[in-house]
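# Residue-level structural notes
Next come the chains, spelled out residue by residue.
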Amino acid sequence: MSQENAEELMRIFRVLASDTRLRLLHALLLKGDPCMGDLADAVGMKPQAVSNQLRKLVNMGVLSTRRHGNHIHYRFVDACIPKLMYHGLCISEEARAHAHPSAS
């Protein structure tokens, strides 16, 4: 892997390395084509806080937007992001299943 590719991958993982953003992305997966208010309700956060996190995801190229009347709707730019999330959950579940309790 080239240095440039490694740095780009690091930037993507860095923007995804937020529990808030991961919860928003998961809500987006479940809701399909939601507006910001729908996502704020889904994760139980204030709209302004959600808006800030969504802006980071849009700026990074993870999400795109479209306007419908007064509402801005969000969607994944690339189907790889939901797949990456599912793979991450799979890795987490496997790690938990194989974890050995530490000796006290």
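Residues numbered from 1 in each chain as written. Predicted model: local features only at pLDDT ≥ 70, side-chain atom pairs only at ≥ 80, totals over all residues. Heavy atoms only, no water.

## A short note on the confidence of the model for the chain
Model confidence for the chain is summarised by a mean pLDDT of 88, while 95% of its residues fall at 70 or above. Of all helices and strands in the chain, the one with the weakest mean pLDDT is helix α5 (residues 80–98) (87), whereas helix α4 (residues 47–59) scores best (93). (pLDDT = per-residue confidence, 0-100. Helix = DSSP H or I, 4+ residues; strand = E, 2+ residues; numbered from the N terminus.)

## Considering α5
Here α5 is 19 residues long and its end C-alpha atoms lie 27 Å apart, about the 27 Å a rise of 1.5 Å per residue gives. Residues of α5 that are buried: I81, P82 and M85. The arc that holds the buried residues of α5, viewed along the axis, is 105°, so those residues lie on one side. Opposite the buried face of α5, by more than 90 degrees, sit the exposed residues K83, Y86, H87, I91, A97 and H98. Buried-residue contacts for α5 involve α1 (3–16), α2 (19–31) and β2 (71–76). (Expected span 1.5 Å × (residues − 1). Buried < 20%, exposed > 50% of the residue type's maximum accessible area, 1.4 Å probe, protein only. Arc of directions from axis to C-beta. Contact = heavy atoms within 4.5 Å.)

## With respect to the pattern of salt bridges
Evaluation of the coordinates by the stated rule reveals two salt bridges. E8 is the partner of R11 in a salt bridge, and the nearest nitrogen-oxygen pair spans 2.8 Å. Of the two residues, R11 and E8 are both situated in helix α1; the distance of three residues between them amounts to about one turn of the helix. R11 sits in the partly exposed class, given a relative accessible area of 36%. A relative accessible area of 35% places E8 in the partly exposed class. (Salt bridge = Lys/Arg side-chain N within 4 Å of Asp/Glu carboxyl O.)

## What about α4?
Counted at 1.5 Å a residue, the expected span for α4 with its 13 residues is 18 Å, and the 18 Å between its end C-alpha atoms agrees. Those residues of α4 that fall on the buried side of the exposure criterion are V50, S51, Q53, L54 and L57. Positive phi appears at G61, one or two residues downstream of α4, with a value of about 90°.

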